[in-house]
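# Examination of the molecular architecture
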Amino acid sequence: MRLYGGIEAGGTKFLCAIGTGPDDIQAEIRFPTTEPDETLNHAVDFFRQFMIKTRQRLDGIGIGSFGPLELNPGSANFGKITSTPKSGWAYTDLRHKIEQETATPVTIDTDANAAALGEGFWGAAVDLRDYLYLTIGTGIGGGLVVQGKPYHGLIHPEMGHIRIPHDREEDPFDGICPYHGDCFEGLASGTAMQARTGQSGELLPAYHPAWEIEASYIALALASLVCSVSPQRILLGGGVMQQDHLFPMIRLKVQQLLNGYVQVPAITENIQHYIVPPKLGQRAGVLGAIALAKQTFSGSLNR
Ligand code: ZN
């Protein structure tokens, strides 16, 4: 049995795990994201100690990281975090450092692409080849899987920063994105909800009008994504989507916005199976990173 490592590299915490899938996690660790050297040394120690203790080698390590990332293997910056506003982390060479210091091959992708892939291996998209995963939390990230593989294109999708209609009479809030103000993330991330209402979303009751606004923005983004990439299913995860009552609101608004134009039963009749929560829960990110390693280093595209 091949054995893989996974790193969920987040802006506030790192999760590392070793295993073959959700039913077989042999070791895991979680620690806060501090400065790059200290954080990456912590991860390297975890993998090294496991290999020494168990006398096993890993077949590969996958990293699902916050970004933006350089994912073009032809670039001198391949595997680096690029223009992040996170202090000290711009141009950190994640992939190279972990690969050198664990003597294990390493692959890297965005946190959202990794989580999307994990859901395809073991979660809410096991039967699908072309689907979308959006994480709506502190920020908003989108992962797109096409023909069973994470899609990159020019760099990688940045669905959190698409522009959506913003009616300033209805919602005078300017938005919080440092680059765009009122892009999707600027208007609808957990950080935006907190800035708009003065309270964390977890503390807002289900009848608070902020949820109606939130569902509208998410539905506007999804309607655009349905029309532009035609995913077979859309998974919505992240802290904000822990609010179950958002799902029926979003589904209805997406149907209203598409207005019968995309005529498929998946949307017109069975939308409860089309816009769904992910299934891998708290481990979605790190399992996605393991899925990434598995897809890259198992020598086969099979799940
Ligand atoms: Zn933005």
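These lines cover the structure that appears in this document, whether it is placed above or below. Nothing here was measured: the structure is a model prediction, and the numbers come from that model.

## Focus on the environment of V44
Relative to the helices and strands, V44 resides in helix α1 (residues 36-54). Judged by relative accessible area, V44 falls into the buried class, the value being 1%. Here the alpha-carbon distance between V44 and N270, two residues 226 residues apart in the chain, equals 45 Å. Setting aside chain neighbours within four positions, we find V44 in contact with I98, E101 and T102.

## Observations concerning the packing of aromatic side chains
One pass over the full model with this rule turns up five aromatic pairs. For the ring pair F66 and W89, a centre distance of 5.7 Å and an interplane angle of 65° mean the geometry is edge-to-face. In this pair, F66 is assigned in the loop between β4 (60-65) and α2 (94-102) and W89 in the loop between β4 and α2, connecting sequence segments 23 residues apart. Exposure remark for F66: the relative accessible area of 10% places this residue in the buried category. Taken together, F14, F31, F66 and W89 form an aromatic cluster joined through their ring pairs.

## Side note on the side chain of K97
Take K97: it is sitting in helix α2. By relative accessible area, which is 16% here, K97 ends up buried. If we ignore the near neighbours within four places in the chain, the residues touching K97 are D37, L40 and N41.

## A closer look at the coordination of the zinc ion
For the zinc ion, the full set of protein donor atoms is H161 (ND1), C177 (SG), H180 (ND1) and C183 (SG), at a range of 2.1 to 2.4 Å. Geometry at the zinc ion is tetrahedral, judged from the four donor atoms that bind it and their angles of 103 to 117° at the metal. Coordination of the zinc ion draws on donor residues from a single chain, spaced H-x15-C-x2-H-x2-C in sequence. Taken together, the positions of H161 in the loop between β8 (149-150) and α4 (184-188) and H180 in the loop between β8 and α4 put the pair 19 residues apart, joining distant regions of the chain.

## With respect to the nonpolar core
With 39 residues, the main nonpolar core has F184, L222, L236, I250 and I275 as its most contacted residues. Those elements that place two or more of their residues in this core are β6 (131-136), β7 (140-146), α4, α5 (190-197), α6 (209-229), β9 (234-237) and α7 (246-258). Here this core gets eleven residues from one element, more than from any other, and that element is α6. I250 has contacts with A215, I218, A219, L222, L236 and M241, leaving out every residue within four places of it along the chain. The next biggest cluster of nonpolar side chains, apart from the first, holds 27 residues, and it includes F50, I61, L69 and V106.

## Quick look at the pairing of strand β1 (residues 4-9)
Two faces belong to every sheet, and in a regular strand the side chains alternate between them. Of all the six residues making up β1, six are buried; the element is thus mostly covered by neighbouring parts of the structure. Of the two faces of β1, the one holding Y4, G6 and E8 and the one holding G5, I7 and A9 are both buried throughout. Here β1 runs beside strand β2 (residues 13-21); their pairing, made up of six bridges, is antiparallel. Pairing of G6 across the sheet is with A17, part of β2.

## Concerning the packing of α5 against α6
The N-to-C vectors of α5 and α6 enclose an angle of 145°; their axes lie 11 Å apart at closest approach. Here the hand of the crossing between α5 and α6 comes out right-handed. Within the contact between the two elements, α5 uses M193, R196 and T197 and α6 uses A210, W211, I213, E214 and Y217. Residue composition of the contact of α5 with α6, grouped by class: five nonpolar, one polar and two charged.

Criteria and thresholds
- Residues numbered from 1 in each chain as written.
- Predicted model: local features only at pLDDT ≥ 70, side-chain atom pairs only at ≥ 80, totals over all residues.
- Heavy atoms only, no water.
- Helix = DSSP H or I, 4+ residues; strand = E, 2+ residues; numbered from the N terminus.
- Buried < 20%, exposed > 50% of the residue type's maximum accessible area, 1.4 Å probe, protein only.
- Contact = heavy atoms within 4.5 Å.
- Phe/Tyr/Trp six-rings, centres within 6.5 Å; stacked < 30°, edge-to-face > 60°.
- Donors = N, O, S within 2.8 Å, 3.2 Å for Na, K, Ca; no water.
- Tetrahedral: all angles 85-135°; square planar, octahedral: opposite > 155°, others 65-115°.
- Core = buried A, V, L, I, M, F, W, Y, C linked by side-chain atoms within 4.5 Å.
- Pairing = 2+ DSSP bridges.
- Axes fitted to C-alpha atoms, helices over the stretch in contact; angles between N-to-C directions.
- Left-handed = near helix turned anticlockwise from the far one by under 90°.
- Nonpolar A, V, L, I, M, F, W, Y, C, P; charged D, E, K, R; others polar.

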